[in-house]
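# Results of the structural survey
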Amino acid sequence: MTANAATSSDPPGHLAENVMHFARVLRGAGLPLGSDRIRLALEALKIAGLESRADLHATLTACLIDRPEHQAMFDQAFHLFWRDPDLLGRMMAMLLPRVQGRSQDSGVRPAENRRLADALFPKRPDNRPRVQQHEEIIIDAALTFSDRERLFKADFETMTAEEWLAARRMLATLAFNIERIATRRTRRSARGRLDWRRTMQASARGGGAMTFRFRQPRTQAVPLVIIADISGSMSRYSRMLLHFAHALSTQRESGAQRVSTFVFGTRLTSITRALRMRDPDAAVATVVKAVDDWSGGTRIAQCLADFNRDWSRRVLAQNATVLLVTDGLEHGDTDGSIARLAFETERLAKSCRKLVWLNPLLRYQGFEPRAAGIRAMLPHVDRFVPAHNLESLAALAHVLADAG
């Protein structure tokens, strides 16, 4: 809003700047928020007014978020941002003016979120000179190893933005040795099956002396098919699994370049071509932009049925291994939907070489398959493994290399 366009109906004081700053914090915490919603919030505040903190919360909630899974993040950000800056020492560095309304905290304080803290209090570079000492080098090396070990075991859902970037860089360094199987084609070798044709040719060239030649079957890496759930409860885990799929597709030396990737929420979408881009960030960003049902609902049975009908014969024809990434919480937990889910899972398992289920819920030590969808799918999978941190993905690399 420009100065010459300002009228008496503008938000009082510095409220417009505060709303824009609050929207930047939400955007930095990972919420999809455009400038149109900020303008809508400013227009709504002119009508709703600032009679109470509850009115401000209700107005901003209605204008800035549209998905139920973002409500908890929004409530915590509102609790930290729209209170008296004198009560929050680190907020003074942001030079936030006080908005009209009550500054007393009301309601229950939401649970802490590290991504929100990282967006509210970005780290600033420390320009102070440091003394180079031998003892400090030893301590720094120990802390570096400790940080890497902690990051290796950190849950993707609780990572800050900085830890998320570091985890993606560590993921690109993991080595994947995919299981190899014998094909019908053969190659020359020092031992194996006797190659009579080459043996007779060598004998003719050598004047009748028998020199035996051998052949053995060629091997190739098992094709991989990744089917990832991108519903609201799985979006952050699936985003890291897409980086995992991109790493598998680009590691030519492991022979795993034949990777077909699908995502599903309320519908099934093939993203194999998008993940062929060289830059992993650009590839995942293209996928998120192209898929309409990202962080929405989930229909596991219907999407598995679509895969079995339209894609199974195309990508599972050569004994492919399927990685199914989902929490197994089916929408519409009825007898009919659960029976269909069990049928489609069994059909998928019979069409592939190995069905590996990656479930982030296994991060809980006391996990029990109580949900009807999980109980319906579990009897038909070959391996049931967690996929919530870098440590579980490194263990998955051993599962992919295991021929058992």
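Everything discussed here concerns the structure shown above.
This text gives an overview of the structure that appears in the document. None of these values were measured; they are calculated from a predicted model.

### Quick word on the side chain of Asp 195
Mapped onto the elements of the fold, Asp 195 is located in the loop between strand S2 (193-194) and helix H8 (196-205). In this structure Asp 195 comes out as buried when scored by relative accessible area, which is 10%. Look past the residues within four positions of Asp 195 in its chain and what remains in contact with it is Arg 213, Phe 214 and Arg 215.

### Looking at the pattern of salt bridges
Inspection of every chain in the model, using the stated rule, returns eight salt bridges. As a salt-bridge pair, Glu 43 and Lys 46 come within 3.5 Å of each other at their nearest N and O atoms. Of this pair, Glu 43 and Lys 46 both sit in helix H2 (residues 35-48), three residues apart, which is roughly one turn of the helix. The exposure class assigned to Glu 43 is partly exposed, which follows from its relative accessible area of 41%. Given the relative accessible area of 29%, Lys 46 is considered partly exposed.

### Concerning a nonpolar patch on the surface
Taken together, the side chains of Trp 196, Met 200, Met 210 and Phe 212 present a nonpolar region at the surface, about 460 Å² in accessible area. Here Trp 196 is to be found in helix H8. The class for Trp 196 is exposed, based on a relative accessible area of 52%.

### Observations regarding the sheet that holds strand S7 (residues 321-325)
Strand order across the open sheet formed by six strands is S6-S5-S4-S7-S8-S9, with mixed pairing between neighbours. Each having just a single partner strand, strand S6 (268-270) and strand S9 (383-385) make up the two edges of the open sheet. The average angle at which neighbouring strand axes cross in this sheet is 20°, direction not considered. The sheet contact formed by strand S8 (residues 354-358) and S9 spans three bridges and is parallel. Across the sheet, the residue bridging to Leu 358 is Val 385, located in S9. With respect to the sheet, helix H15 (residues 390-401) is in contact with strand S4 (224-229), S7, S8 and S9, its orientation differing from that of S8 by roughly 170°.

Rules used throughout
Residues numbered from 1 in each chain as written. Predicted model: local features only at pLDDT ≥ 70, side-chain atom pairs only at ≥ 80, totals over all residues. Heavy atoms only, no water. Helix = DSSP H or I, 4+ residues; strand = E, 2+ residues; numbered from the N terminus. Buried < 20%, exposed > 50% of the residue type's maximum accessible area, 1.4 Å probe, protein only. Contact = heavy atoms within 4.5 Å. Salt bridge = Lys/Arg side-chain N within 4 Å of Asp/Glu carboxyl O. Patch = residues over 30% accessible without salt bridge, like charges linked within 9 Å, V, L, I, M, F, W, Y side chains within 5 Å. Areas by Shrake-Rupley, 256 points an atom, 1.4 Å probe, with all protein chains shown as cover. Pairing = 2+ DSSP bridges. Axes fitted to C-alpha atoms, helices over the stretch in contact; angles between N-to-C directions.

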